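Commentary on secondary and tertiary structure
In case you want the letters, here they are:
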Amino acid sequence: MKRRNMKAIVFVCILSLVFATLVGCSSQTSTNGGSNNGSSSNESSTSGGSSSGTVDVGIVLPTKDEPRWIQDETRFNEALKDTDYSVEVLFSQGSSANEKQNVESLITKGIKVLIICPHDGDAAAAAAEAAKAEGITVIAYDRLITGTDAVDYYVTFDSVAVGEAQGQYLIDKAEGKGNPLYLYAGAASDNNAFLFFEGAWNVLQPKIADGTFVIKNSSEAVALQDKATLTRDEMSKIIGQVTTNWDFNEAKNKAEAHLTAASKEDKGDVFILAPNDGTARSIADTFAADPDVTSYVITGQDAEKASIQYIIDGKQTMTVFKDVRTLVKDSIDMAVSILEGKTPETTGSYNNKAIDVPAKQTEVIVVEQSNVKSALIDSGYYDASEFTNLN
Ligand code: GAL
């Protein structure tokens, strides 16, 4: 009780100093290293936040193998370096079993709030339920946990808008009719993959129906191309065919197979819906290596450093910038409200197949060569020195 009161006072103090994201004055942040098992080999640093050795907030992220989640870890650590609350960050390394173990280990450390980005939305229900059973508040971070009522809040970007931005970008770059279109999607175990695809389909479908684009790599998408709105099952069929599983190698292999199957006429000036930056780079490299591809426009997402360099170099056309600083801040603010017994601010809700989960949603920004500087450098997200040939 006493400790909580002190924390509240420190929180108010620091807020008044306009200390951007957090509260307090000491930290205990531990990071689970990139080992494959993801639930051992903790590197931890402690500077006295919690004298009892317990952890207040547990953060579980899906994998260190994608730069996107390293970005989130970095931003969490930046935001948390001065917190009075003790926090531990663990990675699940693409395994729901590791994820469950991570949550169980955090439960034994006494966390009161769990911030979790699931590897697999359905499978993570068990971990969320285990936490909930201990009275822990569960915040789904970026990806929704599905099929359970054990999720209290969801902090997210506007994922349908991400897909719409990607689809609209392709439309804006296309001229005339008959433009070859190659569709790729994220992992079917990730609810976001459906939201991204739904957004892209919303805007692309009318342009497929009017002949602006011709789908070249998915018979399921061709079979559904006259339907403006797809059910989840219909999207599953398409995603099942063109999934990258968020995996760079799978994306590359699929793109190679598609190009091998395609005729010269199916290539030329092509348009590619790539769901995120990691897969976009592999798909772009594969298309660039095909002598029958004269030019390509390819989407992305996450503003990963490597993709920003690709955009500067003209190898990737766009990305959707999701300012992770905002997501991190929103989830920490939410956790702090909960720790202080307040009701966190939400702006809407997302159905997770079981309940409507109160959500806080953040907008996204399209980044291409022309606005790399204004969107990412001037905003302090990246430093100009991290890139070459940036004008
Ligand atoms: C999504 C996430 C994206 C992307 C992808 C692959 O859920 O919203 O930003 O990184 O996973 O990890």
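Details of the structure are given in the entry above.
Right, let's walk through the structure included here. If you're wondering where the values come from, they're calculated on a predicted model, not measured in any experiment.

Regarding the pairing of strand β11 (residues 293-298)
As paired strands, strand β10 (residues 268-273) and β11 are joined by 5 bridges and run parallel to one another. The residue of β11 that forms the bridge with Gly 268 is Val 293. Assessed by its sense of winding, the connection that carries the chain from β10 through helix α10 (residues 277-288) to β11 is right-handed.

Points about the sheet that holds strand β8 (residues 179-183)
Across a sheet, strands are paired by hydrogen bonds formed along the backbone, either parallel or antiparallel in direction. One open sheet holds the 4 strands; their spatial order is β9-β8-β10-β11, and the pairing between them is parallel. Across the chains shown, the open sheet's two edge strands, defined by having one partner strand only, are β9 (213-215) and β11. Within this sheet the neighbouring strands show an average axis-to-axis angle of 35 degrees, counted without direction. Against the sheet, helix α5 (residues 159-173) engages β10 and β11, with an angle of about 165 degrees to β10. Together, β10 and β11 form the strand contacts of α10, whose direction differs from that of β11 by roughly 165 degrees.

Let's talk about helix α12 (residues 324-339)
Helix length check: α12 (16 residues) gives 22 Å between terminal C-alpha atoms against 22 Å at 1.5 Å per residue, within 8%. Where burial is concerned, most of α12 is hidden: 12 out of the 16 residues are buried. All of the buried residues along α12 are Val 324, Arg 325, Leu 327, Val 328, Asp 330, Ser 331, Ile 332, Met 334, Ala 335, Val 336, Ile 338 and Leu 339. Immediately beyond the C-terminal end of α12, within one or two residues, lies Gly 341, with a positive phi of roughly 75 degrees.

Considerations on the pairing of strand β7 (residues 153-157)
Burial runs high along β7: 5 of the 5 residues are buried. Judged by which residues are buried, β7 turns out to be covered on both faces: Tyr 153, Val 155 and Phe 157 on one side and Tyr 154 and Thr 156 on the other are all buried. Direction of pairing for strand β6 (residues 137-141) relative to β7: parallel, over a ladder of 3 bridges. Bridge assignment links Ala 140 to a residue of β7, and that residue is Tyr 154. Note: β7 against strand β14 (residues 356-362), 4 bridges, orientation parallel. In the strand pairing of β14, Val 155 is matched with Lys 360.

Looking at the site of the ligand
Residues in contact with the ligand, as listed here, are Glu 66, Arg 68, Asp 142, Arg 143, Gly 186, Asp 190, Asn 192, Trp 246, Asn 276, Gln 301 and Asp 302. Here the shell around the ligand is composed, by residue class, of 1 nonpolar, 4 polar and 6 charged. Split by domain, the residues of the shell around the ligand number at least three in each of domain 1 (43-151 + 324-361) and domain 2 (159-322 + 367-386).

Focus on the packing of α10 against helix α11 (residues 305-312)
Following both chains from N to C, one finds α10 and α11 inclined at 45 degrees, their axes separated by 9 Å at the closest point. Looking at the two axes, α10 sits oblique to α11. In this structure, α10 meets α11 at a crossing whose hand is left-handed. Residues Asp 277, Ala 280, Arg 281 and Ala 284 of α10 form the contact with α11, whose participating residues are Ala 306, Ser 307 and Tyr 310. When grouped by side-chain class, the residues that make up the contact of α10 with α11 number 4 nonpolar, 1 polar and 2 charged.

Describing unusual backbone geometry
Despite not being glycine, Gln 93 shows a phi value in the positive range, around 50 degrees. Relative to the assigned elements, Gln 93 resides in the loop between β4 (86-91) and α3 (96-108). Gln 93 sits in the buried class, given 22 other C-beta atoms within 10 Å. Phi is positive for Asp 302, which is not a glycine, with a value near 115 degrees. Residue placement: Asp 302 occurs in the loop between β11 and α11.

Re helix α4 (residues 125-133)
When we look at burial in α4, the residues that qualify are Ala 125, Ala 127, Ala 128 and Ala 131. End-on, the buried residues of α4 take up no more than an arc of 160 degrees, which puts them together on one face. On its buried side, α4 packs onto α3, β5 (113-116) and β6. Following α4 by one or two positions, Gly 135 has its phi on the positive side, about 80 degrees.

Examining the packing of helix α9 (residues 248-261) against α10
Describing two packed helices takes the angle between their axes plus the distance from one axis to the other. Relative orientation of the contacting elements α9 and α10 amounts to 35 degrees, with a least axis distance of 8 Å. Handedness of the crossing formed by α9 with α10: right-handed. Residues Phe 248, Ala 251, Lys 252, Ala 255, Glu 256 and Leu 259 of α9 form the contact with α10, whose own contacting residues are Gly 278, Thr 279, Ser 282, Ile 283, Thr 286 and Phe 287. In terms of residue class, the contact of α9 with α10 is made up of 6 nonpolar, 4 polar and 2 charged.

Details of the environment of Cys 117
Note on placement: Cys 117 falls in the loop between β5 and α4. Taking the number of C-beta atoms within 10 Å as the measure of exposure, Cys 117 has 30 and is therefore buried. Once residues within four sequence positions are removed from consideration, Cys 117 is found in contact with Val 60, Leu 61, Pro 62, Tyr 141, Asp 142 and Arg 143.

The rules we used
Residues numbered from 1 in each chain as written. Predicted model: local features only at pLDDT ≥ 70, side-chain atom pairs only at ≥ 80, totals over all residues. Pairing = 2+ DSSP bridges. Helix = DSSP H or I, 4+ residues; strand = E, 2+ residues; numbered from the N terminus. Right-handed = clockwise from strand over helix to strand, strands pointing away. Axes fitted to C-alpha atoms, helices over the stretch in contact; angles between N-to-C directions. Contact = placed C-beta atoms within 7 Å. Expected span 1.5 Å × (residues − 1). Buried ≥ 20, exposed ≤ 12 C-beta atoms within 10 Å, placed from the backbone. Near = placed C-beta within 6 Å. Nonpolar A, V, L, I, M, F, W, Y, C, P; charged D, E, K, R; others polar. Domains from an automatic or database assignment. Parallel < 35°, antiparallel > 145°, perpendicular 65-115°, else oblique. Left-handed = near helix turned anticlockwise from the far one by under 90°. Arc of directions from axis to C-beta.

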